[in-house]
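# Commentary on secondary and tertiary structure
Below are the chains, spelled out letter by letter.
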Amino acid sequence: IKYVESQLRDTGSVERGYLGVSIQNLSPDLAQSFGVEENQGVLVGDVQPDSPAAKAGLKRGDIIIEYEGFPVQEIGSFRSRVATTSPGKRVSMVILRDGKRQTINAVVGTLSGEEGGAPATPVRPGERTELGLTVQNLTDDLAQRYGYEGDHGVIVTEVAPGSTAAMAGITPGMLVQEINRKRINNTRDFDAAIRDSKAAKTILLLIKDGQYTRYVAIKTE
């Protein structure tokens, strides 16, 4: 309230700070996959091109654990701190990247708007079924239909009800781009990555949902 009041008094409008990252809380499964403790930061699922975060060097898979000296434990408080940071201010963040601490400085931008939306049109049957998922190669037709032109991965065509994939929130129309941090280009890569993960209790997927990406951890037991 104080921030909004001062903005209205000084400028007549309210400007919100912007970094250009999609973030998610660290669930127990995600924390295990990244080798950190639960609530030890927020996970960067995507970085918008040419954003303040991209210019600062933040990468997908980074875990932000401090923002301007304040510990980061969940996305709500982190978003609030970023939003109430004056645009143009240089801020310091501490991140974990591959288990190592790094300090990154960024110049906060101005939030101009948010875009969202995910594919809603059903996809035709796919070719492979693993973990309750049916997937198929991303054809030019599917890429155009779902807005994935220029992307890589396999598209989810069906999710078995009650499966671990369904419980993880995966739905048809999403794009699987990585498995256990390895790039997926086609169903052959998908099958090989699943085979290589047979002994793991949790499989880490990078999912693109419309315009945004996020990590999903699926239990195999």
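Scroll up to find the structure this text is about.
These figures come from a predicted structure and were not determined experimentally.

Within the protein one finds 7 helices and 15 strands. Classification of the 221 residues of the protein by burial places 44% in the buried group. By sequence separation, contacts in the protein at least 24 residues apart represent 54% of the contacts at least 6 residues apart. Of the accessible surface of the protein, which amounts to about 11,700 Å², a share of 46% is contributed by carbon and sulfur atoms.

Turning next to the environment of Pro52. Inspection of the secondary structure assignment puts Pro52 in helix H3 (residues 52-56). Distance from Pro52 to Val108, taken between C-alpha atoms, is 6.1 Å for residues 56 residues apart in sequence. Setting aside its immediate chain neighbours within four residues, Pro52 contacts Tyr18, Leu19, Ala106, Val107, Val108 and Gly109.

On to the nonpolar core, then. Grouped together as the largest cluster of nonpolar side chains are 20 residues, with contacts concentrated most on Leu19, Val42, Leu58, Ile64, Tyr67, Phe78 and Met93. When contributions to this core are tallied by element, the ones reaching two or more residues are strand E3 (42-47), H3, strand E4 (63-67), helix H4 (75-83), strand E6 (90-97) and strand E7 (100-107). Setting aside residues no more than four positions away along its own chain, Val42 makes contact with Ile23, Gln24, Asn25, Asp62, Ile63, Ile64, Val72, Gln73, Glu74, Ile75 and Phe78. Residues Val154, Ala165, Phe190 and Val216 belong to the second largest nonpolar core, which totals 19 residues.

This part covers the side chain of Lys208. Along the chain, the position of Lys208 falls in strand E14 (residues 202-209). At a separation of 2.9 Å, a polar atom in the side chain of Lys208 contacts the side chain of Asp151. Here Lys208 is in contact with Tyr148, Asp151, Met174, Leu175, Gln177 and Thr213, once residues within four sequence places are set aside.

Residues separated by three or four positions in an α-helix point in the same direction, a consequence of the helix having 3.6 residues per turn. Taken together, the buried positions of helix H7 (residues 187-196) are occupied by Thr187, Phe190, Asp191, Ala193 and Ile194. The arc that holds every buried residue of H7, seen down its axis, measures 165°, which confines them to one face. Away from its buried face by more than 90 degrees, H7 exposes Arg188, Arg195 and Asp196. For H7, the N-terminal capping position is held by Asn186, with its side-chain oxygen 3.2 Å away from the main-chain nitrogen of Arg188.

For strand E10 (residues 133-137), the tally of buried residues reaches 4 of 5 residues, placing the bulk of the element in the interior. Pairing of E10 with strand E11 (residues 154-159) involves 5 bridges; the strand directions are antiparallel. Residue pairing in the sheet places Asn137 in a bridge with Val154 of E11.

For the structure on display, the rule yields 2 aromatic pairs. Look at Tyr67 and Phe78: their rings are 5.6 Å apart centre to centre, the planes differ by 85°, and that puts the pair in the edge-to-face class. In this pair, Tyr67 sits in strand E4 while Phe78 sits in helix H4, placing the two residues 11 residues apart along the sequence. Each member of the pair Tyr67 and Phe78 is classed as buried. Directly above the ring of Phe70 sits Arg81, whose terminal nitrogen or CZ lies 3.7 Å from the centroid.

What counts and what doesn't
- Residues numbered from 1 in each chain as written.
- Predicted model: local features only at pLDDT ≥ 70, side-chain atom pairs only at ≥ 80, totals over all residues.
- Heavy atoms only, no water.
- Helix = DSSP H or I, 4+ residues; strand = E, 2+ residues; numbered from the N terminus.
- Buried < 20%, exposed > 50% of the residue type's maximum accessible area, 1.4 Å probe, protein only.
- Contact = heavy atoms within 4.5 Å.
- Areas by Shrake-Rupley, 256 points an atom, 1.4 Å probe, with all protein chains shown as cover.
- Core = buried A, V, L, I, M, F, W, Y, C linked by side-chain atoms within 4.5 Å.
- Polar contact = N/O pair within 3.5 Å; in protein donor to acceptor, adjacent residues only side chain to side chain.
- Arc of directions from axis to C-beta.
- Pairing = 2+ DSSP bridges.
- Phe/Tyr/Trp six-rings, centres within 6.5 Å; stacked < 30°, edge-to-face > 60°.
- Lys NZ or Arg CZ within 6 Å of the ring centre and 35° of its normal.

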